[in-house]
Amino acid sequence: MTQREWREAGDLHPSKIGLASILILAAVLRFWALDHGIPFSLGVDEPEIMERAVNMMKSGSLHPHFFDYPTLYIYVQLAVSCVRFLVGAMRGMWSSLDQAGADMFYIWGRAMTAAIGVANVLLVFSIGLRWGARHALLAAGLLAVLPLHVRQSHYVLTDVPLTFLVTLTLLLSLRAHERGTAAAFMWAGVAAGLATATKYNGALALMMPLLACWMTIPASPSRLVCALAAIAGCGGAFLVAAPYSVLDLPGFLNGFARLASEYRNTAPPPEPAWILYLKHMRLVLGWPAVLLAGVGVVLAINRLIRGPGRVKWALAAGFPLLYYSFISDQRLVFGRYLLPLMPSLCVLIAVAVISGVSLLRRYEIPRAPRTALIVALTVAALLPPTLQAISFDRDIGRTSTVEQAHEWILDNVPKQSTIAIETRILLLTPEGYRATHFPRLIADHLTKEPREHADFVKDGFQYLVASSQAYGSVMDEPHKRPDEYAAYMRLFEQSVELVRFTPSPQHPGPELRIFRLQ
């Protein structure tokens, strides 16, 4: 079977209108309600990046004093913050850096992440063209509506930039194989180095140019030289984008070791990580797309063995399998960790739909039934994630229970009051309150020792904010955790409940209860 036989006759020319429509859809889903939760309910770890970028702008020092992430995306946000400050100054918003708080820069920072997310869709389209125009459109369309990618594109976090750079590494590795030059492999290595400088696990992306190099027999001047060029490009790009990994070597090594120990030494998850990640994929893709991804992997392995085009198949399936194996070996499990492998999965799903159905030609099945089957599978793959992405955007665009609680506190609680807040769902630092966050109110956030009403009073707290993110599971099934249920009931009964915000279709979010301590 020739490579051309994997394509239908009408699958050779990309649709500019189709691509434009997909990019517009991707932009709408990612920029929709981009300002939600600022500054009272930020995304997890957003302040870790945004506040450091703003502090760098104010101090003039590029040292992050923080090594949980490499510095590339912090530097990107530093550049965005400088532009934001200059625009604000020209509009008369401030006359000095001291007047600008970090909360004034989040919307611009999120816009940068959203723009990177849209650009990621374009990269997937360019990769999909190696299989065909319809493959490219379907793969790009799937990433455009992928709820996990849409959700994370709303926040100043490293996951979407990492995914973009991993996808860029895949595209440049394919081009390097097509051109076969050391310079092309070097640029693919540079992309992998930038991915590593965004998040450490981006180092796995170096596998793609090295694999492409090893499989490119006519590489010039030799495969060894091309591989060394890729490695040099990766290392050089990482050092340029994360220079304090060397300039503050002890700080980097200590920070990295501490971070690695958290992934290895924390309590294991209740189920094997690979099963939990499979459940996450089912939630964000839906069963039809997950099954199609499995079919795509099988087709890729078959083409890798039989040909033609072994390199593109090896790269499309190799990195997702390697990355999935890597994150499944960690004890910390978060759904967003799946993002870097999603662009490749989108391509494989498109392969399963378009190329898989095209194989039915060997059984002399007419074109019309094959086209109908492709349409049905496309709808099955796209509809569940599209509905989920729209639902997410619609929910964050509504007034949440967190926003209601925030407004109530501003109107009814005196400034400088001391407040204990359960979880980090509600942030009050910019508002002039003395707030302390506890993972659970019934346990000390540092010592993990039990806390009672008297402990809060002794420590000078005047108000409590309880969140169902913490107490909800205990209240729902008190018989399973009777001690915790009793601790919560004692705390609630000994305090004065001032107001309760209960979620509804119009007001999504957790249930929040605000108490005054007696």
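Before any of the text, the structure's been laid out above.
What counts, and where the lines are drawn
Residues numbered from 1 in each chain as written. Predicted model: local features only at pLDDT ≥ 70, side-chain atom pairs only at ≥ 80, totals over all residues. Heavy atoms only, no water. Pairing = 2+ DSSP bridges. Helix = DSSP H or I, 4+ residues; strand = E, 2+ residues; numbered from the N terminus. Axes fitted to C-alpha atoms, helices over the stretch in contact; angles between N-to-C directions. Salt bridge = Lys/Arg side-chain N within 4 Å of Asp/Glu carboxyl O. Buried < 20%, exposed > 50% of the residue type's maximum accessible area, 1.4 Å probe, protein only. Core = buried A, V, L, I, M, F, W, Y, C linked by side-chain atoms within 4.5 Å. Contact = heavy atoms within 4.5 Å. Disulfide = S-S within 2.5 Å. Patch = residues over 30% accessible without salt bridge, like charges linked within 9 Å, V, L, I, M, F, W, Y side chains within 5 Å. Areas by Shrake-Rupley, 256 points an atom, 1.4 Å probe, with all protein chains shown as cover.

Points about the sheet that holds strand 1 (residues 418-422)
Link 1 in the chain: The 5 strands are arranged 2-1-3-5-4 in an open sheet whose pairing can be described as mixed. Each of the sheet's edge strands pairs with one partner strand only, and the pair in question is strand 2 (434-438) and strand 4 (496-501). For this sheet the average axis-to-axis angle between neighbouring strands, irrespective of direction, equals 20 degrees.
Link 2 in the chain: Alignment of strand 1 against strand 2, held across 5 bridges, turns out to be parallel. The residue bridging I421 from the neighbouring strand is H437, located in strand 2.

Focus on the pattern of salt bridges
Link 1 in the chain: As enumerated under the stated definition, the model contains 19 salt bridges in all.
Link 2 in the chain: The salt bridge involving D395 is made with R398; its shortest N-O contact spans 3.5 Å.
Link 3 in the chain: According to the relative accessible area criterion, D395 is partly exposed, its value standing at 27%.
Link 4 in the chain: Residues joined in a network through salt bridges with shared partners are D45, D159, K199 and R336.

Quick notes on unusual backbone geometry
Link 1 in the chain: Following I38, the chain continues into P39 via a peptide bond in cis, with omega recorded as 0 degrees.
Link 2 in the chain: Within the secondary structure layout, P39 lies in the loop between helix 1 (16-31) and helix 2 (46-59).
Link 3 in the chain: That bond from S220 to P221 is cis: its omega, 5 degrees, falls within 30 degrees of zero.
Link 4 in the chain: Along the polypeptide, P221 turns up in the loop between helix 9 (207-215) and helix 10 (223-241).
Link 5 in the chain: For D45, which is not glycine, the phi dihedral falls at a positive 75 degrees.
Link 6 in the chain: Checked against the element boundaries, D45 lands in the loop between helix 1 and helix 2.

What about the nonpolar core?
Link 1 in the chain: Core analysis: the largest hydrophobic core is formed by 121 residues, its most contacted members being F105, Y277, L315, L338 and M342.
Link 2 in the chain: Of the residues forming this core, the biggest block, 12 residues, is contributed by helix 16 (residues 342-358).
Link 3 in the chain: The residues touching L315, leaving out its near neighbours within four places in the chain, are L170, S173, L174, M208, L211, A212 and P320.
Link 4 in the chain: Grouped together as the second largest cluster of nonpolar side chains are 18 residues, A420, F438, Y471 and L491 included.

Concerning helix 20 (residues 468-476)
Link 1 in the chain: Among the residues of helix 20, those classed as buried are A470, Y471, G472, V474 and M475.
Link 2 in the chain: Lining the buried residues of helix 20 we find strand 1, strand 3 (463-467), helix 21 (482-494) and strand 5 (512-516).

What about the state of the cysteines?
Link 1 in the chain: Counting across every chain of the model gives 0 disulfides.
Link 2 in the chain: Unpaired in this structure, C226 has its nearest cysteine sulfur neighbour in C213, at a distance of 4.9 Å.
Link 3 in the chain: Free cysteine: C234, not disulfide-bonded; nearest cysteine sulfur from C213 at 14 Å.

Notes on a nonpolar patch on the surface
Link 1 in the chain: Taken together, the side chains of I24, V28, W32 and I390 define a hydrophobic patch exposed on the protein surface, amounting to about 350 Å² of accessible area.
Link 2 in the chain: Mapping V28 onto the fold places it in helix 1.

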